[in-house]
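# Coordinate inspection notes
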Amino acid sequence: MQVKCSLCGKVEEITKIHKDYAKLAKNQSAPYFCEYCSFRVKTQAKEAQFPPKPI
Ligand SMILES: [Zn+2]
C-alpha cells in the first residue's frame, strides 16, 4: 500500500507489518509520518515536555 507522509510529502510503500498499516488501510486520509518525520515529531514532543532550563 502506498502512503504519503503528511509532513514532507514523501511517498512510501508500507506492508502489513507496519504499525500504522491497519489504521491507514481503514482510513486512507489518516495522517502518516515517514520514519524521519515521526522521529522528528517524537524529538520535538520530548523537547516540549522537558524545556531547557533558563540560565
Ligand atoms: Zn516525512
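Cut-off values and rules
Residues numbered from 1 in each chain as written. Predicted model: local features only at pLDDT ≥ 70, side-chain atom pairs only at ≥ 80, totals over all residues. Helix = DSSP H or I, 4+ residues; strand = E, 2+ residues; numbered from the N terminus. Rg over C-alpha atoms; globule rule 2.2 N^0.38 Å. Buried ≥ 20, exposed ≤ 12 C-beta atoms within 10 Å, placed from the backbone. Contact = placed C-beta atoms within 7 Å. Expected span 1.5 Å × (residues − 1). pLDDT = per-residue confidence, 0-100.

## Quick notes on the overall build of the chain
The helix and strand tally for the chain stands at 2 helices and 2 strands. For 55 residues, the compact-globule estimate of 2.2 N^0.38 gives 10 Å, and the chain exceeds it by more than 25% at 14 Å. Dimensions of the chain, computed from C-alpha atoms along their principal axes, come out at roughly 50 × 20 × 20 Å. Within the chain, the fraction of its 55 residues that count as buried is 4%. Nonlocal contacts in the chain, meaning residues at least 24 apart in sequence, comprise 45% of its contacts between residues at least 6 apart.

## Brief notes about the environment of Lys 46
Within the secondary structure, Lys 46 is located in helix α2 (residues 35-49). Among the residues examined, Lys 46 registers 9 C-beta atoms within 10 Å and is labelled exposed. Considered as a pair, Lys 46 and Lys 16 are 30 residues apart in the sequence and their alpha carbons are 28 Å apart.

## Considering α2
With 15 residues, α2 extends 21 Å from end C-alpha to end C-alpha; this agrees with the ideal 21 Å at 1.5 Å per step. Little of α2 is tucked away: 0 of the 15 residues are buried.

## Concerning the confidence of the model for the chain
With 96% of its residues at a pLDDT of 70 or more, the chain has an overall mean of 89. The weakest mean pLDDT in the chain belongs to α2 at 85; the strongest belongs to strand β2 (residues 11-13) at 95.

## Section: the environment of Lys 26
Take Lys 26: it is sitting in helix α1 (residues 21-26). On a C-alpha basis, the gap between Lys 26 and Cys 8 in space is 22 Å, while along the polypeptide they are 18 residues apart.

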